[in-house]
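# Topology and contacts: notes
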Amino acid sequence: MGLKEKRTLVITTVLCAGWFAAAVIMNRAGADGGMLFYGIAVLINVILNLGLSTKTVTVYGAKKLVLLGKWIMPVTGAVCLLINSYSQQFWQQNMDEAVYIYVGILFVVSANYFPKNHINPYAGLKFPWLFHKEEGWYKTHKLGSYTWLLSGAVMMLHPFHKLTIVTVTLVVVLAGAVPLIYSLTFCFPKKKKMDQEG
């Protein structure tokens, strides 16, 4: 881990710990600050930063996608804390909508960097059968950039109709099933051909 990665780890961990401290203060003041969420966020942040600082990711991962992964917990913590401190009643009534919009934005941002993401097991769509199939990896991520963009749009539109079953189904199909099925087309035909030759 280089100096830059260590600095990011320290800064993001301190920020997450700060959000946890703020949540503790809010709890003592009688508001539900979500202490458990912020406590877990500190641990997840450390794991993400360590995993995304490996040589494989720093060399092959899309730089901005990796950066997004490293900063996801402190940014998410800040957004949640701001909404929560703004109004407890607002938070309770609009929690679901806020989560859908925020996650939708993350999907849209991530989708933009999928085509630039080189083969690695940490950042991007982690289908292990593509780790040794360069063409399949890049084509699956190119398709994934479109499906994740659409998934993000679907999530951001959720507050207008609030049909959770529609939103969740579309997101699962677009962000997960479509890239998964497409990625398999690079695996099984070649395997079948090899079996026939053998």
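Refer to the structure above for everything that follows.
All of the points below concern the structure found in this document.

### Overview of the nonpolar core
By size, the foremost hydrophobic cluster in this structure holds 22 residues, and its most contacted members are L65 and W148. Within the residue set of this core, elements represented by two or more residues are α4 (63–86), α5 (88–113), α6 (134–161) and α7 (164–184). For L65, the residues in contact, after removing those within four places along its chain, are S110, Y113, F114, N117, A123 and G124.

### Quick notes on the pattern of salt bridges
Taken as a whole and assessed by the stated rule, the structure comprises 1 salt bridge. Residue K139 pairs with E135 through a salt bridge whose shortest N-O separation is 2.9 Å. Residue K139 and its partner E135 are both found in helix α6; the two are separated by 4 residues, about one turn of the helix. For E135, a relative accessible area of 44% puts it in the partly exposed group.

### What about α6?
If you check α6, its first and last C-alpha atoms are 40 Å apart, about what 28 residues at 1.5 Å a residue would give, namely 40 Å. Backbone geometry just downstream of α6 places K162 in the positive-phi region, at approximately 55 degrees.

### Looking at the packing of helix α1 (residues 3–28) against helix α2 (residues 35–51)
α2 packs onto α1 with a crossing angle of 175 degrees between their chain directions and a minimal axis gap of 8 Å. With respect to α2, the element α1 is oriented roughly antiparallel. On α2, the residues touching T8, L9, T12, T13, C16, A17, W19, F20, A23, V24 and N27 of α1 are M35, Y38, G39, A41, V42, N45, V46, N49 and L50. Residues that form the contact of α1 with α2 fall into these classes: 13 nonpolar, 7 polar and no charged.

### Regarding a nonpolar patch on the surface
A surface patch of nonpolar side chains, amounting to about 360 Å² of accessible area, comprises L163, I165, V166 and L170. Mapping V166 onto the fold places it in helix α7.

### A look at α7
With 21 residues, α7 should cover 30 Å at 1.5 Å per step; its first-to-last C-alpha distance of 29 Å lies within 8% of that length. For α7, the principal kink sits at V173 and spans about 35 degrees. Those residues of α7 that fall on the buried side of the exposure criterion are T167, V171, L174, A175, P179 and S183.

Parameters at a glance
- Residues numbered from 1 in each chain as written.
- Predicted model: local features only at pLDDT ≥ 70, side-chain atom pairs only at ≥ 80, totals over all residues.
- Heavy atoms only, no water.
- Core = buried A, V, L, I, M, F, W, Y, C linked by side-chain atoms within 4.5 Å.
- Buried < 20%, exposed > 50% of the residue type's maximum accessible area, 1.4 Å probe, protein only.
- Helix = DSSP H or I, 4+ residues; strand = E, 2+ residues; numbered from the N terminus.
- Contact = heavy atoms within 4.5 Å.
- Salt bridge = Lys/Arg side-chain N within 4 Å of Asp/Glu carboxyl O.
- Expected span 1.5 Å × (residues − 1).
- Axes fitted to C-alpha atoms, helices over the stretch in contact; angles between N-to-C directions.
- Parallel < 35°, antiparallel > 145°, perpendicular 65-115°, else oblique.
- Nonpolar A, V, L, I, M, F, W, Y, C, P; charged D, E, K, R; others polar.
- Patch = residues over 30% accessible without salt bridge, like charges linked within 9 Å, V, L, I, M, F, W, Y side chains within 5 Å.
- Areas by Shrake-Rupley, 256 points an atom, 1.4 Å probe, with all protein chains shown as cover.
- Bend = angle between axes of the 7 residues up to and from the residue.

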